[in-house]
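Working through the structure, step by step
Each chain, written out:
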Amino acid sequence: MHHIRGRINNSIKIINEKRLIKAQGQAASQSLLRITVQCLIAMVVLFLIALFIPQVRLLWVTTKLLVQQDLWLLEAFLVLSVPLFVSVRPMSREWRLRDRHMLLVALALVILCYLGHRLLLMGHDLSRDEQMASFDAAIFSHGRLAWPLPPEWQKDAAALNLEFMLPVGQPIAWVSAYLPFNAVLRAAVGMIADPALTGPLLTAGSLLLIWSIAKRLWPEDREAPTIAALLLLGSGQFVITGMTAYAMPAHFFFNLLWLRLFLADRRLSDGLALLVGFVATGLHQPLFHPLFVAPFLLLPLFERRWARFAVFSLGYGAIGIFWLSWPIFIHSLVAGPASITAAAGTDYLSRLLQVFSLTIANPTLTAANMLRFCTWQHLFLLPLMAVGFRAVREDRFAAAVAASFLLPIFVMAIILPYQGIGFGYRYLHGVLGNGVLLALFGWQKLKARHEELRPVVLRATAASLLVLLPIQAWMAHARYAPFAHASAQIEQSGADYFLIKATDGPLTHDLGLNRPDLSNRPLRLQAEEINDMSALARRICHPGVSVALGDDGFYAPTWAYFDNKAERLASANIARLKASFEEAGCSIKLLR
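Residues numbered from 1 in each chain as written. Predicted model: local features only at pLDDT ≥ 70, side-chain atom pairs only at ≥ 80, totals over all residues. Heavy atoms only, no water.

**Structural notes on the layout of surface pockets**
Under the convention used in this document: Grid points spaced at 1 Å over the protein atoms alone were grouped into cavities, where a 1.4 Å probe fits but cannot get out, and pockets, open sets with protein on both sides within 12 Å along at least five of seven lines, with lining residues defined by an atom within 4 Å of a point. Grid points are joined across faces, edges and corners, and a volume is the space filled by probe spheres set on the points. Helix and strand assignments come from DSSP, with helices taken as H or I runs of at least 4 residues and strands as E runs of at least 2, each series counted from the N terminus. In the scheme used here, Gly and all other residues not listed as nonpolar or charged are polar, with Ala, Val, Leu, Ile, Met, Phe, Trp, Tyr, Cys and Pro taken as nonpolar and Asp, Glu, Lys and Arg as charged.
In this structure, the second largest pocket occupies an estimated 920 Å³ of space. If you go around the second largest pocket, you meet 34 residues; those closest to its centre are Gly123, Asp125, Ser134, Leu513 and Arg515. The set of elements that each furnish at least two residues to the lining of the second largest pocket consists of helix 4 (99–120), helix 5 (128–140), helix 7 (181–190) and helix 20 (450–491). Per-class residue counts for the lining of the second largest pocket are 14 nonpolar, eleven polar and nine charged.

If you want it as structure tokens, here you go:
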């Protein structure tokens with residue numbers, strides 16, 4: 001904590017000793033400086049609240065990332081923010097990028113995100129969310145809705161890793177529990193190019209859409225689209241999430257596409273908006289897009305445009321019914337005569353009630369999530385957003401934008417505050433555009449002071465792109481690299497099977513990824529999910545078949561990343577795990 005106190009004291013010293021913007025812009029700039037400092041204080045408070053996250057189950061991951069990433073980014077914000085206002089000279093020239101310039105920037109962003117996936121993230125799908133997107137895309141690319149499991153594996157399907165699958169034991173086929181359209185997009189891109197281009201293309205498309213929306217909302221302000229683009233490009237969450245297989249870039253793109261069609265306010269565009277809404281609701285979870293559109297759908301009601309309100313209400317009612325029924329339909333494809341459905345059921349309501357809980361973890365995790373959101377954004381986004389919230393009182397559209405931004409925060413704080421791994425706050429990724437639009441409302445509020453603010457925004461953009469983004473990129477690489485190396489070592493082992501035990505290393509279940517058709521070698525098996533180890537060994541072992549296991553040295557880099565002392569359980573487990581397989585005739589390989 002003395003680090004944070006020192007940064008705040010240093011900021012105050014800068015304010016007292018350095019020459020801030022003077023003359024005609026002094027009052028406005030000092031007002032914005034105060035707002036910036038208030039935002040920094042709020043971020044420090046979020047950090048202090050997040051320190052009380054209970055250390056149970058996987059919640060320790062959030063605490064580790066809080067200390068390893070967010071604390072350092074918070075300190076960077078404290079160091080960089082206040083000097084933005086020091087010795088600034090007004091800039092009278094407006095920033096006006098042309099459409100062709102934005103197309104070039106979007107193309108560069110596609111290339112950057114794709115190279116980032118291949119080099120920075122090492123082409124690896126780290127989290128189960130990312131893995132399921134690629135898993136389902138492989139299924140859909142073959143024209144199937146679920147991939148049949150060979151009969152000999154149906155009884156032992158749990159050993160193949162059924163996490164984030166429908167809660168069906170001993171299934172006859174498998175597919176993730178997610179809705180399909182994110183994977184469908186990846187499958188479609190995969191028909192003509194590398195599926196890993198999906199996220200980069202959606203991210204670049206989102207940049208062009210926020211540009212178009214800004215032009216539509218403020219046609220007289222040719223600078224607003226440029227400010228919108230800079231705020232997005234300076235967001236580590238926006239850029240780095242675009243390198244992944246997460247559904248969030250798709251949520252962002254389709255939310256912005258829907259909003260652009262909604263703003264056109266024509267019958268054809270409203271019909272297309274409903275079509276986009278159908279796709280957006282079915283991307284991966286049926287909750288995020290409806291939360292985004294709900295406040296906007298109230299605008300026709302307030303405007304007494306009953307027909308438009310009725311069309312959207314009936315349309316989204318039908319969309320909701322369809323996608324809420326989807327898991328029940330998929331259940332009929334994966335469940336067989338011997339299958340066992342979990343008590344929670346496969347419908348979304350049952351599964352939602354299962355995870356619903358209100359504990360001390362909810363506010364502390366939400367504080368950590370919001371801090372993570374703040375520290376992964378453009379350095380000047382929050383102060384402009386804070387000013388933009390003032391427009392809520394006088395502009396219904398601004399109120400809808402703000403409500404659409406805040407709604408997922410409150411809802412997810414109640415039903416699912418733990419986000420796991422992500423860059424920034426994943427559950428707010430779909431409403432990043434709302435944050436940018438609120439910032440643009442703030443920019444409009446400060447219209448008389450644009451000459452004084454342009455150099456501040458320019459400095460903040462330079463700091464975001466040249467300081468924050470490289471730090472965030474290094475953090476992303478450091479998070480992915482140990483697991484990417486471990487996965488590659490497994491793949492190159494030459495073994496037929498690789499046995500994983502949850503206590504071998506941190507988050508080892510994420511290494512348990514198999515292809516839908518089980519064509520990968522080695523097949524990766526979760527030891528805890530094998531009901532009868534000896535029976536499985538007798539079935540799969542014969543001369544020439546090998547089983548690999550990792551020792552403490554193999555898992556050491558994953559322990560080191562989380563700054564944990566290796567528990568040295570992997571080597572201790574080897575003797576017991578290998579006994580059944582050696583007895584059945586398998587050879588054993590040790591990965592070190």
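**Overview of empty space enclosed by the protein**
With the rule as written, the count across this model stands at seven cavities of 30 Å³ or more. Counted as a void, the largest cavity has a volume near 110 Å³. In terms of lining, the largest cavity is formed by 16 residues, of which the most central are Asp129, Tyr178, Asn182, Ala247 and His284. Listed by contribution, the elements that provide at least two residues to the lining of the largest cavity are helix 5 and helix 7.

**Let's talk about the state of the cysteines**
Inclusion rule: Note that a disulfide, as used here, is simply two cysteine sulfur atoms within 2.5 Å. The buried label applies to any residue whose accessible area, calculated with a 1.4 Å probe on protein chains only, is under 20% of its type's maximum; exposed applies above 50%, and partly exposed to all values in between.
As enumerated under the stated definition, the model contains one disulfide in all. One disulfide in the model links Cys541 with Cys586; its S-S distance is 1.9 Å. In this structure the cystine formed by Cys541 and Cys586 twists about its S-S bond by roughly -110°; its chirality is therefore left-handed. One end of the pair, Cys541, is in the loop between helix 21 (533–540) and strand 7 (546–550); the other, Cys586, is in the loop between helix 23 (570–584) and strand 8 (587–591), and 45 residues separate them in sequence. There is no disulfide at Cys39, and the cysteine sulfur nearest it, in Cys374, is 7.9 Å away. Since its relative accessible area comes to 16%, Cys39 is described here as buried.

**Details of helix 23**
Given 3.6 residues per helical turn, the α-helix brings residues three or four places apart onto the same face. How we decide: By this rule the span expected of a helix is its residue count minus one, scaled by 1.5 Å. The term bend refers to the angle at a residue between two fitted axes, each drawn through seven residues, those ending there and those starting there. Should any heavy atoms of two residues lie within 4.5 Å, those residues are counted as being in contact.
Across its 15 residues, helix 23 extends 22 Å between first and last C-alpha, which sits within 8% of the 21 Å expected from 1.5 Å per residue. Approximately 35° is the largest bend angle found in helix 23, and it occurs at Lys578. For helix 23, the set of buried residues is Ala570, Asn573, Ile574, Leu577, Ser580 and Phe581. For helix 23, the elements touching its buried residues are strand 5 (497–500), helix 21, strand 7, helix 22 (552–561) and strand 8.

**Digging into the sheet that holds strand 6 (residues 523–526)**
To keep it simple, the criterion reads: The rule for pairing is simple: two strands pair if DSSP sees at least two bridges between them. Note on definitions: angles span 0 to 180 degrees between N-to-C directions of axes, and those axes are lines fitted to C-alpha atoms, for helices only across the stretch in contact.
Strand order in this open sheet of four strands is 6-5-7-8, and the pairing throughout is parallel. Strands at the two margins of the open sheet, each flanked by one partner only, are strand 6 and strand 8. Each neighbouring strand pair of the sheet contributes to a mean axis angle of 30°, computed without reference to strand direction. Two strands pair when backbone bridges link them, and strand 5 and strand 6 are joined in this way by four bridges, in the parallel orientation. Opposite Tyr497, over in strand 6, you have Leu523 as the bridge partner. The strands that helix 22 touches are strand 5, strand 7 and strand 8; relative to strand 5, the one it contacts most, it runs at about 60°.

**Description of the packing of helix 5 against helix 7**
Applicable threshold: Here the angle decides the label: under 35 degrees means roughly parallel, over 145 means roughly antiparallel, 65 to 115 means roughly perpendicular, and every other value means oblique. In this scheme, a crossing is called left-handed if the near helix is turned counterclockwise away from the far one by less than a right angle; it is called right-handed if the turn is clockwise.
Between helix 5 and helix 7, the shortest axis-to-axis distance is 8 Å and the interhelical angle comes to 60°. On the basis of their axis angle, the class for helix 5 and helix 7 is oblique. For the crossing formed where helix 5 meets helix 7, the hand is right-handed. In this structure, helix 5 uses Ala133, Ser134, Asp136, Ala137 and Phe140 to contact helix 7, whose residues at the interface are Asn182, Ala183, Val184, Arg186 and Ala187. By residue class, the composition of the contact of helix 5 with helix 7 is six nonpolar, two polar and two charged.

**Examining the side chain of Arg524**
Worth spelling out the cut-off: Charge assignment: positive for Lys and Arg, negative for Asp and Glu; neither His nor the chain ends contribute. The salt bridge criterion pairs a side-chain nitrogen of Lys or Arg with a carboxyl oxygen of Asp or Glu, the two atoms within 4 Å. For the purposes of these results, a polar contact is taken to be a pair of N or O atoms within 3.5 Å, where, inside protein, one atom must be able to donate a hydrogen and its partner to accept one; residues adjacent in sequence count only when each atom of the pair is a side-chain atom.
Within the secondary structure, Arg524 sits in strand 6. Buried within the structure, Arg524 lacks any salt-bridge partner; Glu491 is the closest side chain of opposite charge, at an N-O distance of 4.7 Å. Here Ser487 takes part through its side chain, which lies 3.1 Å from a polar atom of the side chain of Arg524. A polar atom in the side chain of Arg524 sits 3.0 Å from the backbone oxygen of Leu511. For Arg524, the contacting residues outside a window of four places in its chain are Ala159, Leu160, Ser487, Ile490, Glu491, Phe498, Ile500, Leu511, Gly512, Leu513 and Asn514.

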